[in-house]
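# Architecture and fold: a report
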Amino acid sequence: MKKTVLVSGGAGFIGSHVTVELIEAGYDVVVADNFSNCDRTGYEGVKKITGRDDLPLEIVDFCDMAQVKALFAKYPIDAVIHFAAYKAVGESVAKPVMYYKNNLMSFLNVLEAAQDKGGCNVLFSSSATVYGEPEAVPVTEKTPRQPATSPYGNTKTMCEDILRDTVKASGGAVKGILLRYFNPIGAHPSALIGELPRGVPNNLVPYITQTAIGKRECLSIFGNDYPTPDGTCLRDYIDIVDLAKAHVFAVTRMMDGKMKENCEVFNIGTGRPLSVLELVTAFEKVNNLKLNYRFAPRRAGDVTAIWADPTLANTEMGWKATRSIEETLKAAWAWEKHLAGK
Ligand code: UFG
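Attention in this report is confined to the structure presented alongside it.

Parameters at a glance
Residues numbered from 1 in each chain as written. Predicted model: local features only at pLDDT ≥ 70, side-chain atom pairs only at ≥ 80, totals over all residues. Heavy atoms only, no water. Pairing = 2+ DSSP bridges. Helix = DSSP H or I, 4+ residues; strand = E, 2+ residues; numbered from the N terminus. Axes fitted to C-alpha atoms, helices over the stretch in contact; angles between N-to-C directions. Contact = heavy atoms within 4.5 Å. Near = heavy atom within 4 Å. Polar contact = N/O pair within 3.5 Å; in protein donor to acceptor, adjacent residues only side chain to side chain. Areas by Shrake-Rupley, 256 points an atom, 1.4 Å probe, with all protein chains shown as cover. Nonpolar A, V, L, I, M, F, W, Y, C, P; charged D, E, K, R; others polar. Domains from an automatic or database assignment. Phe/Tyr/Trp six-rings, centres within 6.5 Å; stacked < 30°, edge-to-face > 60°. Buried < 20%, exposed > 50% of the residue type's maximum accessible area, 1.4 Å probe, protein only. Lys NZ or Arg CZ within 6 Å of the ring centre and 35° of its normal. Salt bridge = Lys/Arg side-chain N within 4 Å of Asp/Glu carboxyl O. Core = buried A, V, L, I, M, F, W, Y, C linked by side-chain atoms within 4.5 Å. Parallel < 35°, antiparallel > 145°, perpendicular 65-115°, else oblique.

## So, the sheet that holds strand β3 (residues 57-59)
Here seven strands make up an open sheet; going across it, the order is β3-β2-β1-β4-β5-β6-β11 and the pairing parallel. At either end of the open sheet lies a strand with only one pairing partner, and these are β3 and β11 (263-268). With strand direction ignored, the average angle separating the axes of adjacent strands in the sheet is 20°. Pairing between strand β1 (residues 4-8) and strand β4 (residues 79-82): four bridges, direction parallel. By the bridge assignment, Leu6 is partnered in β4 with Val80. Relative to β3, helix α3 (residues 65-74) is tilted by about 160°, and along the sheet it contacts β1, β2 (28-33), β3 and β4.

Below is the structure:
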C-alpha cells in the first residue's frame, strides 16, 4: 500500500520541490496550500515534471481548524510535512502578531488533527535561524539555540518546542522530525519549478538572478567588513533538490520505524561555507556573465558566519548533499530565464 504524505504549503518553493521528490520515491502526495504567498506555477510545474495530472490539490487555510479537520477526514494521511508559514524576516519584525498568529496557529491545528487521529508522523521545516549567531562553527544539532532575533525566527523556535512537547505527551503516537535548513537555493533541473518571490527579493540568489536578467539594477552586497576572509558573510547554501530529498529520507525513516527517538532533529546543509562574494563570483563564472553589484552597509540582523555540520543527517538518515554549487547556480539561472521566457 502506498503511503500518503500531506504537504502543507506544497505549492511554494520548498514544498513544490519536496512534492516532486516524494512522488518520485513512490509516495502519494496531497498538496495543500491557500496560495497566500505563491501562485499556481509551482503546483502546475510539479504536475508537468512528474506526469501526475491528477495530483490532489486542496485549497486550505491551516489557521482554520474546520478546514484542517476536513482534510484529515478526506485522506488517509500517514505523514504531514508542514511548510505553510510566512517567511519574511523583515516583515515579521513589522507585523509580529500576523506572524505569530499564522505560523503558530497553522502548526497547532496540524498537531491537533494529528492527535485526534490517534497519531501521525510530523515533519517540521525549521531553520538554522534557531542557532542565532553561533559561538562556534560549524553548528551541530547540539549547538545551543540562541534567542531569536526576529518574530519569524521565534516562530521556528517555538514550533520546535511545541512539536517536542506534543510528541512527548502523545507517548510516541505522534512522531516528529525537525529539519533545520541552512540556505536553500537553486531550482529543479527541469527549470519548471523554482523560487518565485513576490516583489523585491529578500534573499541573495533570487536577487542575483533578477539582477542578471535586468529586473533589478544592481545587487547590494550587505557588508564587506565582516571578520571573514573576504569581509562578506559566510553561509551554507544547500541545493533545493538535495534539500527536498532530505525530506524523503526523513519521512521514510519515520514510516519504517527507524527513529532512535520519537522527536529527532537534523541539520540540512552541505557543511561547506561560502562567502557572499564567492557565491556571486561562482554565479558569474558558471553562467558566463558579469553581474552588476556594489558593496553596501551591513543589513540589520545578519549573522557573520554560519554553516552546518551535517554529519548526523549523513550517518543516521543516510542523506548527503550531492549537487555542486555550479550545478545549483546554473539551475537558478535557467529558472530565471524560463520565467522571462528566454
Ligand atoms: N545578501 C546580500 N544582498 C542581498 C541579499 C542578501 O548581500 O540582496 C547577503 C546577506 O547579507 C547574507 C547572505 O547574502 O549575508 C544570505 O542572505 P539571505 O537573505 O539569502 O539568507 P539569510 O542567511 O539571511 O537567511 C536565511 C534564511 C531565512 C532565515 C535567516 C536567518 O533564508 O529564512 O537565514 O538567519 F530566517
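## Considering the site of the ligand
Every one of the 18 residues lining the ligand counts as a neighbour, but Tyr152, Ser220, Arg235, Arg299 and Asp302 are closest to it. The contact in question runs from an oxygen atom of the ligand to an N or O atom on the side chain of Tyr152, over 3.2 Å. Within the side chain of Asn183, one N or O atom sits 2.9 Å away from an oxygen atom of the ligand. Contact with the protein chains removes 86% of the 680 Å² of surface that the ligand exposes when unbound. Sort the elements by how many residues they give to the shell around the ligand and strand β8 (residues 219-222) lands first, with four residues. The residue inventory of the shell around the ligand, partitioned by class, reads ten nonpolar, five polar and three charged. Two domains each put at least three residues into the shell around the ligand: domain 1 (4-185 + 237-268) and domain 2 (204-235 + 271-339).

## What about the packing of aromatic side chains?
Per the stated rule, a full pass over the model turns up five aromatic pairs. Ring centres of Tyr86 and Tyr99 lie 5.3 Å apart, and the angle between their planes is 55°; this geometry places the pair in the tilted category. Separated by 13 residues along the polypeptide, Tyr86 in the loop between β4 and α4 (89-94) and Tyr99 in helix α5 (residues 96-116) bring together distant segments of the chain. Ring plane angle 80° and centroid distance 5.9 Å describe the contact between Phe283 and Trp333, whose orientation is recorded as edge-to-face. One end of the pair, Phe283, is in helix α9 (residues 276-287); the other, Trp333, is in helix α11 (residues 325-339), and 50 residues separate them in sequence. The buried category is assigned to Trp333, whose relative accessible area is 10%. Arg298 extends its terminal NZ or CZ atom over the ring of Tyr226, reaching a point 3.9 Å from the ring centre.

## Here's the deal with the pattern of salt bridges
By the definition in use, this model includes 17 salt bridges. One salt bridge in this structure joins Asp28 and Lys2, with 3.7 Å as the shortest N-O distance. With Asp28 in strand β2 and Lys2 in the segment before β1, this pair connects stretches of sequence that are 26 residues apart. Overall, Asp28 belongs to the partly exposed group, its relative accessible area being 27%. Of the charged contacts, one joins Glu21 and Lys245 as a salt bridge, the two residues approaching to 3.0 Å between their closest N and O atoms.

## A word on the pairing of strand β5 (residues 120-127)
Along β5, eight of the eight residues are buried, which leaves the element largely enclosed by surrounding structure. Every second residue of β5 is oriented toward a common face, with Cys120, Val122, Phe124 and Ser126 on one face and Asn121, Leu123, Ser125 and Ser127 on the other, all of them buried. Here four bridges tie β4 to β5, and the two strands are oriented parallel to one another. When the sheet's bridge partners are listed, Ala79 is paired in β5 with Asn121. Alignment of β5 against strand β6 (residues 174-181), held across eight bridges, turns out to be parallel. Residue pairing across strands places Leu123 opposite Ile177, the latter belonging to β6.

## What to know about the nonpolar core
Of all hydrophobic cores here, the largest spans 45 residues; its most connected members are Val5, Leu22, Leu179 and Ile268. Taken together, domain 1 (4-185 + 237-268) and domain 2 (204-235 + 271-339) each give at least three residues to this core, which thus spans both. Setting aside residues no more than four positions away along its own chain, Leu179 makes contact with Leu123, Phe124, Ser125, Ser126, Ser127, Ala246, His247, Ala250, Phe266, Ile268 and Met317. Val80, Leu104, Val110 and Ala113 belong to the second-largest nonpolar core, a separate cluster that totals 29 residues.

## Observations regarding the packing of α9 against α11
Packing of α9 against α11 brings their axes to within 9 Å, and their N-to-C directions diverge by 70°. Taken as axis vectors, α9 and α11 run roughly perpendicular relative to one another. Here Leu279, Ala282, Phe283, Val286 and Asn287 of α9 lie close against α11, whose contacting residues are Ile325, Glu326, Leu329, Lys330 and Trp333. A breakdown of the residues in the contact of α9 with α11 according to their chemical character gives seven nonpolar, one polar and two charged.

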